[in-house]
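For reference, the chains in residue letters:
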Amino acid sequence: MNAFSTGRDPDHSVVCATTGLLAKLDRSELEAVISHELSHIKNFDIRLMMVVSILIGSLSILTNIAFRSSFFGGRSKNDREEGSLGGILVILGLILAIFSPIIAQLIQLAISRRREFLADASGVKLTRQPQSLIDALQKISADPNQLKQASSATASLYISNPFKGKSLASLFSTHPPIEDRIKVLKDML
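Residues numbered from 1 in each chain as written. Predicted model: local features only at pLDDT ≥ 70, side-chain atom pairs only at ≥ 80, totals over all residues. Heavy atoms only, no water.

A. Quick peek at the overall build of the protein chain. Each helix and strand counted, the protein chain has 8 helices and 2 strands in total. Its helices and strands in sequence order give the protein chain the pattern β-β-α-α-α-α-α-α-α-α, from N to C terminus. Within the protein chain, the proportion of its 189 residues that are buried is 33%. Looking at the protein chain alone, contacts between residues at least 24 apart form 67% of all its contacts between residues at least 6 apart. As displayed, the protein chain has an accessible area near 11400 Å², and 64% of this comes from carbon and sulfur atoms. (Helix = DSSP H or I, 4+ residues; strand = E, 2+ residues; numbered from the N terminus. Buried < 20%, exposed > 50% of the residue type's maximum accessible area, 1.4 Å probe, protein only. Contact = heavy atoms within 4.5 Å. Areas by Shrake-Rupley, 256 points an atom, 1.4 Å probe, with all protein chains shown as cover.)

Below you can see the structure in the form of structure tokens.
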């Protein structure tokens, strides 16, 4: 059971739902899931995540260029004689080259998880039925027919975390835990 939305703006977007979702949810639960996905479109979440991804990729490229130029770049004889400052810059560049992509990825995932909470709240605002979304999320997370394998490249296309039970993978998840989402939704009741 799954649903997702995609598109750059409300005029060029689509919401997709699997046949399993259509068959297993009742009308109000399906309405809640679709309103969640429509909220992603209304809130420009897809566009935002595209821009964040581009910025993160650019940061990674710039860090890589800076590291390579400081390590392999054309240093003059005077630079080599001064030595200690150049060595510190190389070590700093190495540290940035290692940790900046990890930090950037964590920031991207944090933004994605926050947008899921926003889509839940916006979806409830549309339907005025938080219990329907709670019921739908519980059914989706308890579905015994979930995919056995999920790729981190497609994880954002799931309505719930496809890496259940894998603690390291769930740490780098695009979605907050279902339990946290349900707790926030129950506070809306």
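B. Spatial organisation of the nonpolar core. Counting 8 residues, the largest nonpolar core consists of Ala32, Val124, Leu133, Ile134, Leu137, Ile178, Ile182 and Leu185. Those elements that place two or more of their residues in this core are helix 6 (130-141) and helix 8 (178-188). (Core = buried A, V, L, I, M, F, W, Y, C linked by side-chain atoms within 4.5 Å.)

C. Structural detail: the packing of helix 2 (residues 27-42) against helix 6. For the pair helix 2 and helix 6, the least separation of the axes is 8 Å and the interaxial angle reads 90°. Between helix 2 and helix 6, the crossing angle belongs to the class labelled roughly perpendicular. Together, Ser28, Glu29, Ala32 and Val33 of helix 2 and Ser132, Leu133, Asp135, Ala136, Lys139 and Ile140 of helix 6 make up the contact between the two elements. For the contact of helix 2 with helix 6, a count of residues per class yields 5 nonpolar, 2 polar and 3 charged. (Axes fitted to C-alpha atoms, helices over the stretch in contact; angles between N-to-C directions. Parallel < 35°, antiparallel > 145°, perpendicular 65-115°, else oblique. Nonpolar A, V, L, I, M, F, W, Y, C, P; charged D, E, K, R; others polar.)

D. Highlighting the pattern of salt bridges. Tallying each qualifying case throughout the model produces 6 salt bridges. Linking Asp120 and Arg181 is a salt bridge whose minimum nitrogen-to-oxygen distance equals 2.8 Å. One end of the pair, Asp120, is in helix 5 (residues 84-127); the other, Arg181, is in helix 8, and 61 residues separate them in sequence. There is no split in this pair, since Asp120 and Arg181 are both buried. Look at the salt bridges and you will find they share partners, linking Arg8, Asp9 and Arg47 into a network. (Salt bridge = Lys/Arg side-chain N within 4 Å of Asp/Glu carboxyl O.)

E. Highlighting the pairing of strand 2 (residues 13-17). The pairing of strand 1 (residues 3-7) with strand 2 spans 5 bridges and is antiparallel. From the neighbouring strand, Gly7 faces strand 2, where its bridge partner is Ser13. If you look at the hairpin formed by strand 1 and strand 2, you'll find 5 residues sitting between the two strands. (Pairing = 2+ DSSP bridges.)

F. Seen up close, unusual backbone geometry. Here Phe44, not a glycine, exhibits a phi torsion of approximately 55°, which is positive. Its location among the elements puts Phe44 in the loop between helix 2 and helix 3 (45-72).

G. Seen up close, the side chain of Asp9. Among the structural elements, Asp9 can be located in the loop between strand 1 and strand 2. There is a polar contact of 2.9 Å between the side chain of Asp9 and the backbone nitrogen of Asp11. Within polar-contact distance, the side chain of Asp9 engages the side chain of His12 at 2.9 Å. Sequence-distant contacts of Asp9, that is, excluding residues within four places in its chain, are made with Ile41, Phe44 and Arg47. (Polar contact = N/O pair within 3.5 Å; in protein donor to acceptor, adjacent residues only side chain to side chain.)

H. The arrangement of helix 8 in detail. Among the residues of helix 8, Ile178, Arg181, Ile182 and Leu185 are the ones counted as buried. Angularly, the buried residues of helix 8 cover 95° about the axis, an arc narrow enough to put them on a single face. When the buried face of helix 8 is taken as reference, the exposed residues oriented beyond 90 degrees from it are Glu179, Lys183 and Asp187. (Arc of directions from axis to C-beta.)

I. Molecular detail of the packing of helix 6 against helix 8. Packing of helix 6 against helix 8 brings their axes to within 9 Å, and their N-to-C directions diverge by 165°. The pairing of helix 6 with helix 8 is recorded here as roughly antiparallel in orientation. For the crossing formed where helix 6 meets helix 8, the hand is left-handed. Only Ile178, Arg181, Ile182, Leu185, Lys186 and Met188 of helix 8 make contact with helix 6, whose side of the interface consists of Pro130, Leu133, Ile134, Leu137, Gln138 and Ser141. Tallied by class, the residues present in the contact of helix 6 with helix 8 amount to 8 nonpolar, 2 polar and 2 charged. (Left-handed = near helix turned anticlockwise from the far one by under 90°.)

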